[in-house]
Amino acid sequence: MASAETDPRAPFSLGPYYVSEDLGFILKEPLGELPPYYQPWMEIALNVPELVHSHKLRSSITEMPLLSTKFLQKHRELRLAHLALSMMTMGYVWQEGENDTVEMLPCNLAVPYCEVSQRLGLPPILTHADAVLANWRKKDPEGPFDMENLELLFSLPGGDSVRGFFLVTLLVELAAAPAIRSIPVVINGVRCGDTNAVAGALETISLSIEDMTDALKLMQVYVEPSVFYGIMRIYLSGWKDNPSMPKGLVYEGVEKEPLEYSGGSAAQSSLLHCFDELLGVKHEEQSCSFLTRMRSYMPPAHKQLIQDISLQPSLRSFVQQQASEHLSQAYHLCVSKLLALRSYHINVVSRFITVPAARARQLRNQSQESKEMISRAPTALEERGTGGSGIMTFLKIVRDHTKDALLPGTTNT
């Protein structure tokens, strides 16, 4: 996809990037049904948790017919198909946990999955764009966009905590919509030197990032750490940088050599990438390479938006060049709120990964049989995120880079 900003004199807008004014990067009104031809996919995908529990998912997929993708015409049909095939794939690979993984995805799943993935510009693995952005519906279409009125289209093993994890993340995305809407205002304001417009838009972004942090706090209400760590986490894991699948995964009928893809990660959300590029948060090579790689797991138009924001005149330099206390304070507040969000995310990861990992090690070292769920959690990913990163070290480095973007000598008033 070529850059949407072909004319640098034209006002910057979100129009070319498939971003909703109301919902940001969230897919608007995802479909819940595919054409009847694809009923074999839907029957299995809608029952992944039960089929995994009964150890019948792999056999059900093996017996599934090989279906053509030619009847999938519209974008939302393709997104639903990708979501359904992704859920089946994660369940198929991890049905028996880390000790009985597979080396090959059967062709009746692999071939259509890769075809749909290629048409969407997404990889053939479950991504944030699938599990969060396209995996929701309102119980009451006219009702509010909140936890009580939302449900998932597809789930994974883990019960209510799966629902909580994906839907709370969805609400974080929703909270960011006003900030995403304000990005063109900032860019166009910098271009024409309108300090008041830029400052006002930055204040809106600050409030929106604060709302994102508040939404993220719902994680501790709706997700049980032991369930996340002991059950859910493996189904979000990929076959890159994963000791349980050192050879990757062969997609039968597509490639003879195994392929490696990272599992789902918060770094696959376009939100923080946009904020970093806008605010001038610079990441060092090691963390930058992982973040850059995660952009390949985003819808291409969203990835292009991040790239095009990076090509705009520097907001940080503009703020430093203007003799405007109002503008400096607005910028400082914005970076501070982003820093607070990243600090809180570290707390969340500690609660859901680091603390349960320590407890699991303790129980295993006691060498007696434990009934606690986390004692049976996968060992290969103890200190890693589902995307394959060394999670706590990575998050702290990214947080520190955000702190570096603060302007010297500026404080909040």
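The structure displayed is predicted, hence computed values, not measured ones.

Novice: I keep staring at the overall build of the protein and nothing clicks. Help me out?
Specialist: A tally of regular secondary structure across the protein gives 17 helices and four strands. Within the span of the protein, comprising 413 residues, buried residues form 55% of the whole. Long-range pairs, those at least 24 residues apart, make up 79% of the contacts in the protein between residues at least 6 apart in sequence. For the protein, the accessible surface area stands at approximately 17900 Å², while carbon and sulfur atoms represent 51% of it.

Novice: What is the right way to read the nonpolar core from this model?
Specialist: Within soluble globular proteins, side chains that are nonpolar tend to cluster in buried spots. Residues Trp 41, Met 88, Leu 156, Leu 202, Trp 239 and Leu 315 are the most contacted members of the largest nonpolar core, which totals 134 residues. Top contributing element to this core by residue count: helix α16 (residues 325-365), with 15 residues. Contact partners of Leu 202, with chain neighbours within four places excluded, come to Val 186, Leu 279, Leu 315, Leu 327, Ala 330, Tyr 331 and Cys 334.

Novice: What's the story with helix α4 (residues 75-94) in this structure? I'm lost.
Specialist: Every α-helix carries 3.6 residues per turn, so stepping three or four residues along brings you back to the same face. When the terminal C-alpha atoms of α4 are compared, their 29 Å separation across 20 residues agrees well with the 28 Å that a helix rising 1.5 Å per residue should span. Counting buried positions over the 20 residues of α4 gives 18, a clear majority of the element.

Novice: Help me out: how do you make sense of the packing of aromatic side chains in this one?
Specialist: Centre distance and the angle of the planes are the two values used to describe a pair of aromatic rings. One pass over the structure, following the stated rule, counts ten aromatic pairs. Taking the centre distance of 5.9 Å and the plane angle of 85 degrees together, the rings of Phe 228 and Phe 352 count as edge-to-face. Taken together, the positions of Phe 228 in helix α11 (residues 225-232) and Phe 352 in helix α16 put the pair 124 residues apart, joining distant regions of the chain. Phe 352 gets classed as buried once you look at its relative accessible area, which sits at 5%. Every member of this aromatic cluster is reached through a ring pair, and the members are Tyr 37, Tyr 38, Trp 41 and Phe 71. A cation over a ring is seen here: Arg 58 above Tyr 92, with NZ or CZ 5.8 Å from the ring centre.

Novice: Any chance you could explain the side chain of Ser 237 here in plain terms?
Specialist: Examined against the element boundaries, Ser 237 turns out to sit in the loop between α11 and β4 (250-251). Within the structure, the side chain of Ser 237 is placed 3.0 Å from the backbone oxygen of Arg 233, a separation counted as a polar contact.

Novice: Could you clarify how one ought to interpret the environment of Ala 131 in this entry?
Specialist: For Ala 131, the position within the fold is in helix α6 (residues 128-131). Once the C-alpha coordinates of Ala 131 and Leu 167 are considered, the two residues, 36 residues apart in sequence, prove to be 9.3 Å apart. Those residues in contact with Ala 131 that sit more than four places away from it in its chain are Leu 83, Leu 126 and Phe 166.

Novice: I keep staring at the environment of Thr 213 and nothing clicks. Help me out?
Specialist: Structurally, Thr 213 is set in helix α9 (residues 195-216). Excluding its chain neighbours within four sequence positions, the residues that come into contact with Thr 213 are Leu 341 and Tyr 344.

Novice: How should I be thinking about the pattern of salt bridges in this particular structure?
Specialist: Enumeration over the complete set of coordinates arrives at ten salt bridges. Salt-bridge contacts for Glu 277 lead to Arg 295; the nearest nitrogen and oxygen are separated by 2.9 Å. One end of the pair, Glu 277, is in helix α12 (residues 270-279); the other, Arg 295, is in the loop between α13 (285-294) and α14 (300-310), and 18 residues separate them in sequence. For Arg 295, a relative accessible area of 15% puts it in the buried group.

Novice: Would you mind going over helix α5 (residues 107-120) with me for this structure?
Specialist: Counted at 1.5 Å a residue, the expected span for α5 with its 14 residues is 20 Å, and the 19 Å between its end C-alpha atoms agrees. Across the 14 residues that make up α5, a large majority, ten, are buried. Taken together, the buried positions of α5 are occupied by Asn 108, Leu 109, Ala 110, Val 111, Pro 112, Tyr 113, Cys 114, Val 116, Ser 117 and Leu 120. The secondary structure elements touched by the buried residues of α5 are α1 (39-45), α3 (57-62), α4, β1 (104-105), β4 and α14. A positive backbone phi angle near 75 degrees is found at Gly 121, which sits one or two residues after α5.

Novice: Help me understand the packing of α9 against α12 in this model?
Specialist: Each pair of packed helices can be described by the angle between their axes along with the distance between the axes. Across the interface, α9 lies against α12 with an axial gap of 13 Å and an inter-helix angle of 150 degrees. The two elements α9 and α12 meet at a crossing, and its hand is left-handed. Here α9 contributes Leu 202, Ile 205, Ile 209 and Met 212 to the contact with α12, which in turn contributes Leu 271, Leu 272, Phe 275, Leu 278 and Leu 279. The residue inventory of the contact of α9 with α12, partitioned by class, reads nine nonpolar, no polar and no charged.

Novice: Teacher, can you tell me more about the confidence of the model for the protein here?
Specialist: Detail in the predicted coordinates should be disregarded across regions flagged by low pLDDT. Residue-level pLDDT values for the protein average 91, and 90% of them are 70 or greater. For residues 1-5, every residue scores under 50 in pLDDT, and the model assigns this stretch 18 contacts once sequence neighbours within four places are set aside. Across residues 385-389, where pLDDT falls below 50, the model places 20 contacts with residues more than four positions away in sequence or in other chains.

Novice: So what exactly am I meant to see when it comes to unusual backbone geometry here?
Specialist: For residues that are not glycine, phi is negative in most cases, and the peptide bond is trans in most cases. Of note, the phi angle at Glu 29 is positive, near 45 degrees, even though the residue is not glycine. Along the chain, the position of Glu 29 falls in the segment before α1. Owing to a relative accessible area of 55%, Glu 29 belongs among the exposed residues under this scheme. You will see that His 55, though not glycine, has its phi angle at about 60 degrees, which is positive. For His 55, the position within the fold is in the loop between α2 (48-53) and α3. On the basis of relative accessible area, His 55 is assigned to the partly exposed category, the value being 49%.

Here is what the cut-offs are and how they apply
- Residues numbered from 1 in each chain as written.
- Predicted model: local features only at pLDDT ≥ 70, side-chain atom pairs only at ≥ 80, totals over all residues.
- Heavy atoms only, no water.
- Helix = DSSP H or I, 4+ residues; strand = E, 2+ residues; numbered from the N terminus.
- Buried < 20%, exposed > 50% of the residue type's maximum accessible area, 1.4 Å probe, protein only.
- Contact = heavy atoms within 4.5 Å.
- Areas by Shrake-Rupley, 256 points an atom, 1.4 Å probe, with all protein chains shown as cover.
- Core = buried A, V, L, I, M, F, W, Y, C linked by side-chain atoms within 4.5 Å.
- Expected span 1.5 Å × (residues − 1).
- Phe/Tyr/Trp six-rings, centres within 6.5 Å; stacked < 30°, edge-to-face > 60°.
- Lys NZ or Arg CZ within 6 Å of the ring centre and 35° of its normal.
- Polar contact = N/O pair within 3.5 Å; in protein donor to acceptor, adjacent residues only side chain to side chain.
- Salt bridge = Lys/Arg side-chain N within 4 Å of Asp/Glu carboxyl O.
- Axes fitted to C-alpha atoms, helices over the stretch in contact; angles between N-to-C directions.
- Left-handed = near helix turned anticlockwise from the far one by under 90°.
- Nonpolar A, V, L, I, M, F, W, Y, C, P; charged D, E, K, R; others polar.
- pLDDT = per-residue confidence, 0-100.

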